[in-house]
Amino acid sequence: MKFDKNFLFGVATSAAQVEGAALEDGRGLSIWDTFARIPGAIADGSLPDPTCDMYHHWKSDIQLMKELNIESYRFSFSWSRILPDGKGRINEKGLDYYKRMIDELHKQGIVPNATIYHWDLPYELEREGGWLNRDIVNWYGEYASLLFKEFGDSVPIWATINEPVATYVGYAMGFFAPGYKNEKYGRQVNHHILFAHGEGVQRFREAGLKDAKIGIVVDIWNHHPLRPDNEEDQRLAEMENEKTYRSYLNPIFRGCYSDKLLHYMEENHCMPQMEPGDMEKISRKIDFFGLNCYNRVVDCADPDLLQNRKREILGGNYLDDGTEFYPKAVYDAAHILHDEYKLDIPIYVTENGLANCKQQVEEDGSIHDTERIQYLNGFLEWIEKAINDGIDIRGYYVWSLLDNWEWCGGHKARYGLVHVDFDTQQRTCKDSAVWYKNKIAEVKKDS
């Protein structure tokens, strides 16, 4: 593989999933702290209170990144650790934690890549309506301005929002925090979180951070028809794409919702309330696009056919855990951005990884996760192909550095390059971590 010498190889985490210390040093509750306490909400009943306890292990975890040749660390700030009530009162201990962590990243030569909002809304703001309340755009803006003031000189890469679809899921589908099941709610919060993204970009420009870049992170799970020649399957896949990633890309890059989505929202009585000027703010120019890409989605109008024939029609290209191995997904997504949206800014692949692949733990503690290596290598090969096509991709971040608290999956979904014993907090590098370390060294030697 050949990548430019400036191409960044990194790992990614988020505050709610790795920090732990949920009730320490003045941190306020987030919606995930309260949602996790609803019986049955989390697959294994676990809580985010301890998780990887990176709040206390940050220094050794950064040292581990250094040992693994990691060049950039993508993390998120915990809104409620910095502003326990979501606004107003500042928790200095929260700011100090991130200052120490970011200083250590620089000391170890690791580039900080910070996400302002990664799903963990302060609970006190949810009590005031959360993302359904249009005032949240200003609350978010105040929070973003504080971060730019405190960390603008030390963080070169900023993302306003990570995967806004997760907020839709929390308000429309119920299995993410805060747990509502209302499509109208979902479409309204989609609009508000996009509006907040635009507010964040505006605050960033006002802060005058000339040595830093601002963008957004959106996941693209492109929908494909199971039967390419079947009109029903084609229409279903097309509509799902409109309702998912295009519902973000169109406002951000075209300043509007598509006619198809507007018709859907009108027909289903879930049209969000919008005001003049919203789209102008949402579509403010950004400096990069963060692409989260894990796979594609295959749709079929006949659910029984999808269940019974998917493996056969797709050629049986599956990993042992049942995940379709389709690394071309990242190539397809990059071309959607480049060809359909005429993207003229760099792309970072900000998340890509595999959970619960088959892995064998030896008596000496080594962990053989060959499928994860196969998966990551496959995606890197297709990223290289996209770059060779002329698409400007600047970096790749594995999700995740550590096995962590995977939202409603709890501790059951293990994405880490590094195994975590959640009882002892012991870290053990899997074979994939060693492979990634060697891959980075190999690529950098040849670049």
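Conventions used here
- Residues numbered from 1 in each chain as written.
- Predicted model: local features only at pLDDT ≥ 70, side-chain atom pairs only at ≥ 80, totals over all residues.
- Heavy atoms only, no water.
- Core = buried A, V, L, I, M, F, W, Y, C linked by side-chain atoms within 4.5 Å.
- Buried < 20%, exposed > 50% of the residue type's maximum accessible area, 1.4 Å probe, protein only.
- Helix = DSSP H or I, 4+ residues; strand = E, 2+ residues; numbered from the N terminus.
- Contact = heavy atoms within 4.5 Å.
- Pairing = 2+ DSSP bridges.
- Axes fitted to C-alpha atoms, helices over the stretch in contact; angles between N-to-C directions.
- Disulfide = S-S within 2.5 Å.
- Expected span 1.5 Å × (residues − 1).
- Left-handed = near helix turned anticlockwise from the far one by under 90°.
- Nonpolar A, V, L, I, M, F, W, Y, C, P; charged D, E, K, R; others polar.
- Phe/Tyr/Trp six-rings, centres within 6.5 Å; stacked < 30°, edge-to-face > 60°.
- Lys NZ or Arg CZ within 6 Å of the ring centre and 35° of its normal.

In this structure, what is going on with the nonpolar core? I would like to understand it.
The nonpolar side chains of a soluble globular protein tend to be buried with one another. Grouped together as the largest cluster of nonpolar side chains are 144 residues, with contacts concentrated most on Trp32, Phe77, Trp131, Tyr140, Trp158, Tyr396 and Tyr436. If you tally residues by element for this core, the top one is helix α7 (residues 136-151), at 10 residues. If we ignore the near neighbours within four places in the chain, the residues touching Phe77 are Ala15, Ile82, Tyr98, Ile102, Ala114, Thr115, Ile116, Asp120, Tyr143, Leu147, Phe151 and Trp158.

Whenever I open this one, the pairing of strand β2 (residues 72-76) confuses me. Can you help?
Side-chain direction in a regular strand flips from residue to residue, so the side chains alternate between the two faces of the sheet. With five of five residues buried, β2 lies mostly within the body of the structure. By the alternation rule, side chains of β2 split into Ser72, Arg74 and Ser76 and Tyr73 and Phe75, which are all buried. Sheet topology places β2 next to strand β3 (residues 111-117); five bridges connect them, and they run parallel. The residue of β3 that forms the bridge with Ser76 is Thr115.

Teacher, can you tell me more about the sheet that holds β2 here?
In a beta sheet, neighbouring strands are held together by backbone hydrogen bonds and run either parallel or antiparallel to one another. On the basis of which strands lie adjacent, the closed barrel formed by eight strands has the order β1-β2-β3-β4-β5-β7-β9-β12 and parallel pairing. Mean inter-strand twist for the sheet, computed between neighbouring axes without regard to direction, equals 25°. Judged from the four bridges that link them, strand β7 (residues 288-292) and strand β9 (residues 347-352) form a sheet pairing that is parallel. Bridge assignment links Leu291 to a residue of β9, and that residue is Val349. Strand contacts of helix α17 (residues 431-446): β1 (8-12) and β12 (393-399), with the helix running at about 160° to β1, the strand carrying the most contacts.

Explain the state of the cysteines here, please?
Here a disulfide denotes one covalent bond, and it connects the sulfur atoms of two cysteines. Throughout the structure, instances matching the rule amount to zero disulfides. Its sulfur unpaired, Cys52 is 13 Å from the next cysteine sulfur, which belongs to Cys429. For Cys52, a relative accessible area of 0% corresponds to the buried category.

How should helix α16 (residues 370-388) be read in this particular structure?
Residues spaced three or four apart along an α-helix face the same direction, because each turn holds 3.6 residues. The end-to-end C-alpha separation of α16 is 27 Å, in line with the 27 Å expected for 19 residues at 1.5 Å each. By the burial criterion, the buried members of α16 are Glu371, Arg372, Ile373, Tyr375, Leu376, Asn377, Gly378, Phe379, Leu380, Ile383, Glu384 and Ala386. Tucked inside the fold, the buried residues of α16 contact β1, α15 (328-340), β9, β12 and α17. Gly390 lies just past α16 and shows a positive phi near 100°.

Help me out: how do you make sense of the packing of α7 against helix α9 (residues 183-207) in this one?
Helix packing geometry: the angle between the two helix axes and the distance between the axes. Orientation of α7 relative to α9, taken along the N-to-C sense of each, is 35°, at an axis distance of 9 Å. Regarding α7 and α9, the two cross each other, and that crossing is right-handed. The residues of α9 that touch α7, namely those facing Val137, Asn138, Tyr140, Gly141, Glu142, Ser145 and Phe148, are His192, Phe195, Ala196, Glu199, Gly200, Arg203, Phe204 and Ala207. Across the contact of α7 with α9, the residue classes break down as seven nonpolar, five polar and three charged.

What is the right way to look at the packing of aromatic side chains in this model?
The geometry of an aromatic ring pair comes down to the distance between the two centres and the angle between the two planes. Applying the stated criterion to the full structure yields 37 aromatic pairs. On the basis of an interplanar angle of 80° and a centroid distance of 5.4 Å, the ring pair of Trp32 and Phe35 is categorised as edge-to-face. Here Trp32 and its partner Phe35 are both found in helix α2 (residues 31-35), three residues apart, which amounts to about one turn of the helix. Of the residues examined, Trp32 reaches a relative accessible area of 2% and is grouped as buried. Residue classification places Phe35 among the buried positions, given a relative accessible area of 6%. Aromatic ring contacts, followed pair by pair, group Tyr55, Tyr73, Phe75, Phe77, Tyr97, Tyr98, Phe148, Phe151, Trp158 and Phe204 into a single cluster. The cationic tip of Arg296 hangs over the ring face of Tyr326; the distance from NZ or CZ to the ring centre is 4.0 Å.

Just checking my understanding: could you explain helix α8 (residues 165-172) for this structure?
Most of α8 is tucked away: eight of the eight residues are buried. Among all positions in α8, only Val165, Ala166, Thr167, Tyr168, Val169, Gly170, Tyr171 and Ala172 are buried. On its buried side, α8 packs onto β3, α6 (123-126), α9, β5 (213-219) and α11 (246-254). Downstream of α8 by a residue or two, Gly174 has a phi angle that is positive, lying close to 90°.

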